[in-house]
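Observations on the three-dimensional arrangement
The residues making up each chain are set out below.
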Amino acid sequence: MKRILVTGGAGFIGSNFIKYFLKHITCEILVNLDALTYAGNLENLSEIEEETCYIFKKGDIRDHGLLDQLFLQYQFDTVVNFAAESHVDRSITEPETFLTTNIIGTQALLETTQKHWSKQAGNKYCREYREGVKFLQVSTDEVYGALGKEGLFTETTPLSPNSPYSASKASADLIVKAYYETFGLPVNITRCSNNYGPYQFPEKLIPLMIHNCQVDEPLPVYGDGLQIRDWLHVEDHCSAILTVLEKGGVGEIYNIGGNNEKANIEIVNLILETMGKDKGLIRYVKDRPGHDRRYAIDNTKITTQLGWKPSHSFEQGIAETIAWYLANKNWMQNITSGVYTQYYEKMYQF
Ligand code: NAD
Ligand code: DAU
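Reference entry: report on the structure contained in this document. (Residues numbered from 1 in each chain as written. Chains lettered and ligands numbered in written order. Predicted model: local features only at pLDDT ≥ 70, side-chain atom pairs only at ≥ 80, totals over all residues. Heavy atoms only, no water.)

So, about the overall build of the protein. Counting secondary structure elements, the protein contains 12 helices and 12 strands. Computed over its C-alpha atoms, the radius of gyration of the protein comes to 20 Å, within 12% of the 20 Å expected for a compact globule of 350 residues. Along the longest, intermediate and shortest principal axes, the C-alpha atoms of the protein span 65 × 50 × 35 Å. The proportion of buried residues among the 350 residues of the protein is 57%. The long-range share in the protein, meaning contacts at least 24 apart out of those at least 6 apart in sequence, stands at 81%. (Helix = DSSP H or I, 4+ residues; strand = E, 2+ residues; numbered from the N terminus. Rg over C-alpha atoms; globule rule 2.2 N^0.38 Å. Buried < 20%, exposed > 50% of the residue type's maximum accessible area, 1.4 Å probe, protein only. Contact = heavy atoms within 4.5 Å.)

Written out as structure tokens, the structure is:
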């Protein structure tokens, strides 16, 4: 793991992962390839942009020519694919980019990776690869669909996605599996539950509610607010990905979750309480179409086989997260005002 390509590293989890990785691993090269869509924010990485091994490339994972050039230039031995359209609500209003980025983009990455890591470039029947290489696809628990009141998602739960977002992620998982089965490409897939923590774009539940509390705007709760998500601190997701990179069996899928189910309304009430705001700010609004009722992860495989476990309790993690957003009002303000999009021009005057 010395020469790593991270895609989507300017987003929420990708940027946390890059910082986590650089703190824990000595690497020669870490290239962050990110298209800087509305969700990409280079301010998330300001504390590491001077690191000598760190290189930022603005570009699209669908661009075969660019991928080829990066592989030739940097000779990666590890690829971690975070790049995606990630917001379920946007996948309802504008599904097409979810399909092109999440599915076609993943295939473009796999294709380039297969070509450059193969011991016989161009020979699709050669199933031998350079030593120590790995492609990790960052997937989601949403590929399994929705649970009723009982049960947990295991790695063998059938895929049953319900939104254009989750359908595109499930499709990507199947393409990754196909490159493993057909070409023998050394891959892993991780499927994590809902992340929370610093640098999350304020369209997602937790940062949106914190922002709206700050500015005394209504907190939109979909439907009855009793939908359940399993919440994991983003740093625990990062440590799980690193664990899978280091110890994951080739071709294996690992669920990642924190055994921490909460109804949305519980989260909203907790934020209101912590921020000393009135419950009168809550507005029950029209439900998300096809809204999955409950997600919950069985993390037995990664905990028992790879020895990973989360290190943040939800109570402490959410308190720290709220404190982080309150201490970083400028970060939030730069997003809500649109100023964050100017960061690239300011920092990277090529
Ligand atoms: P995000 O939306 O915050 O970040 C996505 C990043 O990908 C952005 O920086 C964006 O600019 C970049 N990107 C988008 N399209 C691109 C393209 N075509 N080429 C290159 N870069 C592109 O997302 P996130 O919440 O950090 O999620 C990261 C990954 O983790 C996604 O694959 C998502 O499906 C998965 N995931 C997220 C969660 C969660 O709770 N947020 C949970 C499980 C899995
Ligand atoms: O489970 C993992 C997934 O978690 C990831 O794959 C996705 O990329 C990530 O966005 C997240 O998806 P969700 O749809 O669960 O997250 P979101 O923050 O959008 O919503 C969390 C819950 O809160 C969900 O039940 C919808 C609800 N919600 C959300 C928003 C934005 C509201 O009630 N009101 C809101 O305004």
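Once the structure has been displayed, the description carries forward.
In the vicinity of ligand 1, 30 residues are found, and the nearest of them are I13, D34, S86, Y165 and K169. Interatomic distance of 3.0 Å between a backbone N/O atom of T37 and an oxygen atom of ligand 1. D60 places a side-chain nitrogen or oxygen 3.0 Å from a nitrogen atom of ligand 1. Going through the elements one at a time, α1 (12–24), β5 (134–140), α5 (164–183) and β7 (194–196) are the ones with two or more residues in the shell around ligand 1. (Near = heavy atom within 4 Å. Polar contact = N/O pair within 3.5 Å; in protein donor to acceptor, adjacent residues only side chain to side chain.)

Here we take up the packing of aromatic side chains. In this structure the tally under the stated criterion is 17 aromatic pairs. Ring centres of W324 and W331 lie 5.4 Å apart, and the angle between their planes is 70°; on these two criteria the pair is classed as edge-to-face. Here the aromatic residues F71, Y74, F76 and W117 are joined through ring pairs into a cluster of three or more. Taking the ring centre of Y199 as reference, the NZ or CZ of K19 above it sits at 3.7 Å. Above the plane of the ring of Y254 lies K301, whose end atom (NZ or CZ) is 4.8 Å from the centre. (Phe/Tyr/Trp six-rings, centres within 6.5 Å; stacked < 30°, edge-to-face > 60°. Lys NZ or Arg CZ within 6 Å of the ring centre and 35° of its normal.)

Of all residues adjacent to ligand 2, which total 24 residues, the nearest are T140, D141, Y165, R288 and H291. Within the backbone of S86, one N or O atom sits 2.8 Å away from an oxygen atom of ligand 2. Take R229: an N or O atom from its side chain is 2.8 Å from an oxygen atom of ligand 2. Here ligand 2 loses 94% of its free accessible area of 690 Å² to cover by the protein chains. Residues of the shell around ligand 2, tallied by class, amount to 10 nonpolar, 8 polar and 6 charged. (Areas by Shrake-Rupley, 256 points an atom, 1.4 Å probe, with all protein chains shown as cover. Nonpolar A, V, L, I, M, F, W, Y, C, P; charged D, E, K, R; others polar.)

The next subject is the nonpolar core. In this structure, F17, I18, F21, L30, L42, V80 and I302 are the most contacted members of the largest nonpolar core, which totals 39 residues. For this core, the elements supplying multiple residues, two or more each, are β1 (3–7), α1, β3 (54–58), β5, α7 (234–247), β10 (253–256), α9 (300–306) and α12 (343–347). Considering every element that reaches this core, the biggest residue donor is α7, with 7 residues. Filtering out sequence-adjacent residues up to four positions away, I18 remains in contact with V6, G9, L30, N32, L45, I48 and Y54. (Core = buried A, V, L, I, M, F, W, Y, C linked by side-chain atoms within 4.5 Å.)

Strand pairing in a sheet relies on backbone hydrogen bonds. The paired strands run either parallel or antiparallel. Spatially, β7-β9-β11 is the arrangement adopted by the 3 strands of the open sheet, whose pairing is mixed. Either end of the sheet is taken by a strand with one partner, and the two such strands are β7 and β11 (261–263). Ignoring strand direction, the axes of neighbouring strands in this sheet form an average angle of 50°. As paired elements, strand β9 (residues 228–233) and β11 share 3 bridges and run antiparallel to each other. From the neighbouring strand, D230 faces β11, where its bridge partner is E261. Those strands touched by α7 are β7 and β9, and its axis lies near 70° from that of β9. (Pairing = 2+ DSSP bridges. Axes fitted to C-alpha atoms, helices over the stretch in contact; angles between N-to-C directions.)

A few words on the side chain of S239. Mapped onto the elements of the fold, S239 is located in helix α7. Setting aside chain neighbours within four positions, we find S239 in contact with Y20 and W308.

According to the stated counting rule, one finds 13 salt bridges in the structure shown. Residues E203 and R90 are paired through a salt bridge, measuring 2.7 Å at the closest nitrogen-oxygen approach. On the criterion of sequence distance, the pair formed by E203 in the loop between β7 and α6 (205–214) and R90 in helix α3 (residues 88–93) is long-range, its members being 113 residues apart. With relative accessibility at 13%, the residue E203 sits in the buried group. (Salt bridge = Lys/Arg side-chain N within 4 Å of Asp/Glu carboxyl O.)

On to unusual backbone geometry. Most peptide bonds take the trans form, and the phi angle of most residues other than glycine is negative. Residues other than glycine seldom take positive phi values, yet L36 does so here, at roughly 50°. Residue position: L36 is located in the loop between β2 (29–34) and β3. Positive phi, close to 50°, is recorded for Q75, a residue that is not glycine. Position of Q75 among the secondary structure elements: in the loop between α2 (64–74) and β4 (78–81).

Without other data, these values stay purely geometric and don't point to any function.
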